[in-house]
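Geometric and topological summary
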Amino acid sequence: MSYRELIFTVPAEIAEPLGDQLLELGALSVTVEDDAAGGYDENPLYGEPGLSPEVQAWDRSLVTALFNPELDDSAKAEFIPELLASLKGVGFTLHAPLEKIVEEQDWVRLTQSQFAPIKIGERIWVVPSWHEAPTDPNAICLAVDPGLAFGTGSHPTTHLCLLWLEQNARLQNQSLLDYGCGSGILAIAAAKLGCKPVVGTDIDPQAMVAARSNAEINNTVISFVLPNENAPELASATKYDIVMANILANPLQVLAPALVNKMRPGGRIVLSGILARQAEEVIATYSQWLTLTVWKENEGWVCLHGTLPTLNGQNKNATANADTSAIAQKKSLKLALLSLFFILLIIFSEHLSRNSLLPLVATRIDGTSNAIAVKSFSFLQIVDGKLCRALGCFNRTVSDFSAWKITSVTLASENAREALKIPTNETLLQVELQNRLAIPVLLPNLEISLTDSEESEIKSIQFSPKEWLPIAWQELHPNFLRQGAPSGETFDPMLAISLPQNAVGYRVRIFYPSKPIQNIDRK
């Protein structure tokens, strides 16, 4: 049996609702991916607890829907036109999708083949259940299958924590708390290396199910509890010799008081899930209780560790902290006065920095800026105008990549080409772009990159504003090179380009001559 896969390329704002509608129309599954994934212009989305991306999509998103011809009419030739008509009826006007045929496979076997045993350090092995365990008699095998909870040993952050456990000999009968345990892999490794008792906790109930199952498979005794269970393992009076947390930098900072509170005096803490550039900030957060240092780094991620001072050390620290507090108060007062001075300086010298300030805080006219931001920026523009009239600002139009949005890029029809008398070896590329900022922005250059079937560039064509702007618009705006494009201005140029025979795709970029090229759209 084969499946029919339809791939739509759409803007971010309609990716999710389109996916929902495709499911309503009978799709077995829907995925959303970055159209630029794997390229230099890829746009990753990062999220942390409480800081998830506002839009779960990309500027140019690939929405892929899978259909089963045995369950629906997707094998019919009329299926795609009928599907497009149904989508148009609920507000989605789309071009015909790219179509692929997906043959039936043994999906379980295919998935399992992607997960091989992982060796950590000298002794630890993470072995999925469908693989044979290594024959090394000194090997410590962790039977953990990829599942609903994070932690299979393949990620550098988990790898670092496992390596820390293996390389620290003082683990026998040491109590350990695995905070944010996920699959329970770190707690299981600690138990097999001699830690006792071992406790794991996570806010995800699914993680608790996976962790308890993995602990049972590995014949380890571990208590896994949810934070809201009021379990004695997480009571404020319960302390641990080792506290280990493999989460992310932001929650590690938020949870710093809670994690330190679970350490006994002289106990150790191990933190992972931290990018190398975030290490100093996390170290500073914990510095009021203990000193953290970078233990190891792996692929841009670091593992931090430290020891909580004993009671004698804490008394000394308390005296030192009191002296430090007095100094900090004096510094705070000085900082407040300096801040006030700089605020006044900014207000009265605003005309000197306005060309940097206004673009930075400018709102968008496409409805994505909230009402408070729009009103605040309108007020700022009024104040800016009054100050400029009083102080004589030098009004220089800004250049800003983020101002521009390419809303569509299409090849013109054959009729349009013939009507404009374009030679047979050329075609027309219609580009629609808009200045979304609430201020004028300098007009950029356009670059068209033609690519072959492997997405390698075979030809690049550049257009200056004089070359791509409509002549009629230039005549109405004779000073356009200096004044730029007004807020909200939309352009729809037709660009004549010569297509090599092996060209199968194209990318459209904007750039300012004095700045690096910025990719805006890709086809």
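Placed above this text is the structure.
Quick notes on the rules
- Residues numbered from 1 in each chain as written.
- Predicted model: local features only at pLDDT ≥ 70, side-chain atom pairs only at ≥ 80, totals over all residues.
- Heavy atoms only, no water.
- Helix = DSSP H or I, 4+ residues; strand = E, 2+ residues; numbered from the N terminus.
- Buried < 20%, exposed > 50% of the residue type's maximum accessible area, 1.4 Å probe, protein only.
- Contact = heavy atoms within 4.5 Å.
- Areas by Shrake-Rupley, 256 points an atom, 1.4 Å probe, with all protein chains shown as cover.
- Core = buried A, V, L, I, M, F, W, Y, C linked by side-chain atoms within 4.5 Å.
- Pairing = 2+ DSSP bridges.
- Axes fitted to C-alpha atoms, helices over the stretch in contact; angles between N-to-C directions.
- Phe/Tyr/Trp six-rings, centres within 6.5 Å; stacked < 30°, edge-to-face > 60°.
- Parallel < 35°, antiparallel > 145°, perpendicular 65-115°, else oblique.
- Left-handed = near helix turned anticlockwise from the far one by under 90°.
- Nonpolar A, V, L, I, M, F, W, Y, C, P; charged D, E, K, R; others polar.
- Salt bridge = Lys/Arg side-chain N within 4 Å of Asp/Glu carboxyl O.
- Polar contact = N/O pair within 3.5 Å; in protein donor to acceptor, adjacent residues only side chain to side chain.
- Arc of directions from axis to C-beta.

1. With respect to the overall build of the chain
Within the chain, the secondary structure is distributed over 16 helices and 22 strands. Counting across all 523 residues of the chain, residues that qualify as buried make up 41%. Across the chain, the fraction of contacts at a sequence separation of at least 24, relative to all contacts at a separation of at least 6, is 67%. Split by element, the accessible area of the chain, about 28,700 Å² in all, is 55% carbon and sulfur.

2. Examining the nonpolar core
Generally speaking, a soluble globular protein has its nonpolar side chains buried in company with each other. With 36 residues, the main nonpolar core has L142, L162, W164, L165 and F224 as its most contacted residues. Only β6 (124-126), β7 (140-142), α4 (156-167), α5 (185-192), α6 (205-217), β11 (240-246) and β14 (301-307) provide two or more residues apiece to this core. Core analysis: the next-biggest nonpolar cluster, separate from the first, contains 33 residues, F401, L450, F491 and V508 among them.

3. Structural notes on the sheet that holds strand β8 (residues 176-179)
Taken together, seven strands build an open sheet; the order of strands is β10-β9-β8-β11-β12-β14-β13 and the sheet is mixed. Each end of this open sheet is capped by a strand with a single partner; those strands are β10 (223-225) and β13 (291-298). Between one strand and the next, the sheet's axes are offset by a mean angle of 20°, whatever the strand orientation. Examined bridge by bridge, strand β12 (residues 263-275) and β14 share six bridges and lie antiparallel to one another. For I274, the partnering residue across the bridge sits in β14 and is V302. Of the strands in this sheet, β8, β11, β12, β13 and β14 are in contact with α4, which crosses β13 at around 110°. Against the sheet, helix α9 (residues 279-286) touches β12, β13 and β14, its axis set at about 155° to β12.

4. Considering the packing of aromatic side chains
Per the stated rule, a full pass over the model turns up six aromatic pairs. An angle of 75° between the planes, with centres 5.1 Å apart, marks the rings of F67 and F79 as edge-to-face. Here F67 is found in strand β3 (residues 60-67), whereas its partner F79 is found in helix α2 (residues 79-89), with 12 residues between them in sequence. Each of the two residues, F67 as well as F79, counts as buried. Taking the centre distance of 5.0 Å and the plane angle of 75° together, the rings of W473 and F491 count as edge-to-face. With W473 in helix α15 (residues 471-476) and F491 in strand β19 (residues 490-491), this pair connects stretches of sequence that are 18 residues apart. On the accessibility criterion, F491 (2% relative accessible area) is buried. Pairwise contacts between aromatic rings join W404, W468, W473, F480 and F491 into one cluster.

5. Some details on the packing of α4 against α5
Relative orientation and spacing of two packed helices are given, respectively, by the angle between their axes and the distance between those axes. Contact geometry of α4 with α5 gives a least axis separation of 10 Å together with a crossing angle of 15°. Considered as vectors, α4 and α5 are oriented roughly parallel to each other. Here α4 runs over α5; the crossing is right-handed. Here T158, C161, L162 and L165 of α4 come into contact with α5, specifically with I185, L186, A189 and A190. Among the residues making up the contact of α4 with α5, the classes are represented as seven nonpolar, one polar and no charged.

6. Observations regarding the pattern of salt bridges
One pass over the structure, following the stated rule, counts six salt bridges. Across the pair R212 and E229 runs a salt bridge, and its minimum N-O distance is 4.0 Å. Of this pair, R212 sits in helix α6 while E229 sits in the loop between β10 and β11, placing them 17 residues apart in sequence. Using a relative accessible area of 38% as the deciding quantity, one classes R212 as partly exposed. Looking at E229, the relative accessible area reads 38%, which means it is partly exposed.

7. Focus: the sheet that holds strand β5 (residues 118-120)
Reading across from one edge, β5-β6-β7 is the order of the three strands in this open sheet, with mixed pairing throughout. Two strands bound the open sheet, and with one partner strand each, they are β5 and β7. If you compare each strand with its neighbour and ignore which way they point, the axes differ by 25° on average. Where β5 lies against β6, three bridges are found, and the strand directions are antiparallel. Paired with K119 across the bridge in β6 is W125. Seen against the sheet, α4 touches β5, β6 and β7 and runs at an angle of roughly 50° to β5.

8. Structural notes on the side chain of R509
Within the secondary structure, R509 sits in strand β21 (residues 505-511). A polar atom in the side chain of R509 sits 2.3 Å from the side chain of S449.

9. Quick notes on unusual backbone geometry
Along the chain, K196 connects to P197 via a cis peptide bond; the corresponding omega equals -5°. If you trace the backbone, P197 turns up in the loop between α5 and β9 (198-201). Unusually for a residue other than glycine, N173 sits at a positive phi of about 60°. Its identity is not glycine, yet E299 carries a phi of approximately 55°, on the positive side. Assignment of secondary structure puts E299 in the loop between β13 and β14. The exposure class of E299 is exposed, given its relative accessible area of 67%.

10. Concerning the environment of D204
Within the element layout of this structure, D204 appears in the loop between β9 and α6. Sequence-wise, D204 and C181 are 23 residues apart; in three dimensions their C-alpha atoms are separated by 9.5 Å.

11. Remarks on the pairing of strand β20 (residues 494-498)
Residue alternation in β20 divides its side chains into a buried set, L495 and I497, and an unburied set, M494, A496 and S498. Relative to β20, strand β16 (residues 426-435) is paired through five bridges, and the arrangement is antiparallel. When the bridges of β20 are listed, L428 appears paired with A496.

12. Looking at α9
For α9, the complete set of buried residues consists of A279, V282, I283, T285 and Y286. Relative to the axis of α9, the buried residues are bounded by an arc of 160° and lie together on one face. For α9, the secondary structure elements touched by its buried residues are α7 (249-254), α8 (256-261), β12, β13 and β14.

Keep in mind these values describe shape, not function.
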